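Report on the structure
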Amino acid sequence: ILGIVGESGSGKSVTALSILRLIPQPTGRITSGNVYLNDLNLMKLNYAGIREIRGREIGMIFQEPMTSLNPVMRIGKQMNEVLIRHKGLTVEEATKKSIEMLNAVGIPNPKDRMNEYPHQFSGGMRQRVMIAIAITCNPRLLIADQPTTALDVTIQAQILELMQSLCKEFGMALIIITHNLGIIARYAARVMVMYAGKIIETGTSQQIYHNQRHPYTQGLLKSVPRLDLPAGSQLHPIDGLPPDLIDLPAGCSFSPRCGISIDKCKTQTPELM
């Protein structure tokens, strides 16, 4: 399980969408770089090729389940079309498999709920449906883009425990994108910290939480409330605002907000070492 963290606008969701080449065009475009799934370079595939990967080899849970699910289609039809498209199942076979997947993610009365619409489900249940759709073809990688946004903490825990158990059951890799550093500490084996569209620090959870090196990572952790500090302790937010990605400063993008920057920071970007 890989966790990706950073402020809003740091490039986390765009990175996830780029893996599946879902960047809206012509507004955005991928200008360089490669994405490998084993030995397969996803950037070299044509449109038909990447469609075969989406849903079958890589599943994605999008940020807001209410806008990701089609409001005028029954849940059963939305689930079945994935299996019919990627697995070549008949409607009857797909329906049976969809009911099994709804049951696997904890939806009560799955057979009856196949005939319902998204608005008839609670936020947590819609998120479970999104997970069921994303894993129904047993993908090798599951990308969860802020999967617990707008859910209460009890439901958040249930969703995260569910994804962790499904990873073990189906042998999937998981990328979790989130603002919540507590989630990352509990579930992720490795962490990537993003700022201004770039990875600025990466390591195991132990390294990031106990021996973080970049001042931005240190700032993120200092801005989180902690139970092991005395009552009334002040939080230390990071000064300033994230930069405009269209007009980035020269050198290290974090230097205008950094309390320990030196002249060299204004001309050179620190390397990942």
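Structure shown above.
What this report covers is the structure whose coordinates are included nearby. Here, residues in each chain are numbered from 1, in the same order as that chain's written sequence. Local features in this predicted model are restricted to residues whose pLDDT is 70 or higher, and side-chain atom pairs enter the listing and the counts only when it is 80 or higher, whereas totals over whole chains, interfaces and linings include all residues. Each side-chain value is derived from all of the structure's non-hydrogen atoms; neither hydrogens nor water enter the calculation.

1. Structural notes on the sheet that holds strand β6 (residues 173-177)
Paired through backbone hydrogen bonds, the strands of a sheet run either parallel or antiparallel to each other. Applied cut-off: A pair of strands is considered paired only if DSSP assigns at least 2 bridges between the two. For helices the rule is a DSSP run of H or I covering at least 4 residues; for strands it is a run of E covering at least 2, with both sets numbered from the N terminus onward. Angles shown run from 0 to 180 degrees and are taken between the N-to-C directions of axes, each axis being a line fitted to C-alpha atoms and, for helices, limited to the stretch in contact. We call two residues contacting when some pair of their heavy atoms lies within 4.5 Å.
Pairing is mixed in the open sheet, where 6 strands are placed in the order β4-β5-β6-β1-β7-β8. Edge positions in the open sheet fall to β4 (58-61) and β8 (198-204), since each of these has one partner strand only. In this sheet, adjacent strand axes meet at a mean angle of 15° when their direction is disregarded. Relative to strand β5 (residues 141-145), β4 runs parallel, the two being bridged by 4 bridges. In the strand pairing of β5, Met60 is matched with Ile143. Most of the contacts of helix α11 (residues 215-222) go to strand β7 (residues 190-195), to which it runs at about 105°, and overall it touches β7 and β8.

2. With respect to helix α1 (residues 12-19)
We apply this condition: When a residue's accessible area, from a 1.4 Å probe over protein chains only, is under 20% of the maximum for its type it is buried; when over 50% it is exposed; and in between it is partly exposed.
Of all the positions in α1, only Lys12, Ser13, Ala16, Ser18 and Ile19 are classed as buried. In this structure, the buried side of α1 is in contact with β1 (2-5), β4, β5, β6 and β7. The first or second residue beyond α1 is Arg21, which carries a positive phi of 55°.

3. Focus on the environment of Glu271
Tracing the sequence through the fold places Glu271 in the segment after α11. In this structure Glu271 comes out as exposed when scored by relative accessible area, which is 65%. Between the C-alpha atom of Glu271 and that of Ile176, which follows or precedes it by 95 residues, the distance is 24 Å.

4. Structural notes on the pairing of β6
So the rule is basically this: Note on handedness: a crossover is taken as right-handed if, strands pointing away from the viewer, the path from the first strand over the helix to the second is clockwise.
Burial analysis of β6 places 4 of its 5 residues in the buried class, which makes it a mostly covered element. Of the pairings in the sheet, the one linking β1 to β6 comprises 3 bridges and is parallel in character. Each residue of the ladder has a partner; that of Gly3, found in β6, is Ile176. Taken together, β5, helix α8 (residues 153-170) and β6 form a β-α-β motif whose crossover is right-handed.

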